[in-house]
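# Results of the structural survey
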Amino acid sequence: MKKLLSLVCIVALVVLSAACGGSGSGSGSGGGSKDHFVFGYTSMTQNNPFFIVLEKAIREKVEANGDEMITLNPAMDVALQINQIEDMIAQGIDAIFLNPVDWEGIRPALQMLKEAGIPIINYDTEVKDFEYVTAYVGSDNKNAGRVVGEDLVKRFPNGGNIVILDSPTMNSINDRVAGFLEAIEGKNFTIVAQQDAKGDLETALGITEDILQAHSDITAIFAGNDPSALGALAAVKAANRLEIAIYGVDGSPDAKAAIAEGGPFKGSGAQSPISIGQISADIAYKILRGESYEKRTPVETFLINEENVQEYGVDGWQ
């Protein structure tokens, strides 16, 4: 009987020890105690210099902390972006920096990230389903369009016919167009064409060529970003329609160089990808470390034209 009692006691002690050991191991692996983080990064396309600079700004902060960032390029393909995000989840990312190819179509990826408990730092372009977002960092896009519209009104106080090159799947561009339209409302401007340039130089070039053939009287072209504006500029130059004023948004080095030339490119609603990247990284660390942070962080936008372009230089981003 004594032997049986001793055996029961030994078994009980082994079970209790295993249970205690298992509990201690689980508590030690909690997110709050992690000293190494893996981030995911996705933009609508890494073929745009804006996102190259922005990714670099985030990566520098991440790697300075001894952490890792996985960057994948969906190249304007929302289905590919969703698949790539799924891959990053499988690789065990702790948080993701996300700029959507399609602000509505990205929803399946947002759902997967929520189910995985991964914080989403949405940057530059808001997703439509904002309830999934942990924090947002982006330019004041409406103001970026507004300052362009105000400059256009100053240059052409009598109004005129204008063209808008937009991109409806990119909410950042939707906001820029809204700000632009507010600024020119009631100023005798007529929109003779408005088409989706997809934020892409080559697409904008082809569209603008067709528009120039269809309309002989155009005062200005407003593009939702600088690549589209540079495409429009190429078409205007090829058609020798140098009287047409071109405007973009970004304040990219190529756009600033075109403005400095004194030709048709008159201005760009400038933003700072460096600032967006740095602020996004700072907020991501606050989230992971359980510190307080702002849900929305707007980043200043302003006009660059021939009057101030030399202040910002044409060799890099502001």
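Residues numbered from 1 in each chain as written. Predicted model: local features only at pLDDT ≥ 70, side-chain atom pairs only at ≥ 80, totals over all residues. Heavy atoms only, no water.

A word on helix α6 (residues 171-184). Relative to the 20 Å expected for 14 residues at 1.5 Å per residue, α6 spans 20 Å between its end C-alpha atoms, a close match to the ideal helical length. Among the residues making up α6, those that are buried are Asn171, Ser172, Ile173, Arg176, Val177, Gly179, Phe180, Ala183 and Ile184. Residue glycine 186 follows α6 closely and has a positive phi angle near 75°. (Helix = DSSP H or I, 4+ residues; strand = E, 2+ residues; numbered from the N terminus. Expected span 1.5 Å × (residues − 1). Buried < 20%, exposed > 50% of the residue type's maximum accessible area, 1.4 Å probe, protein only.)

Moving on to unusual backbone geometry. With a phi angle near 55°, asparagine 240 is a residue other than glycine that sits in the positive phi range. With respect to the element layout, asparagine 240 can be found in the loop between α8 (226-238) and β9 (245-250). According to the relative accessible area criterion, asparagine 240 is exposed, its value standing at 58%. At aspartate 250, a position not held by glycine, the phi torsion is positive, near 155°. Along the polypeptide, aspartate 250 turns up in strand β9. Using a relative accessible area of 3% as the deciding quantity, one classes aspartate 250 as buried.

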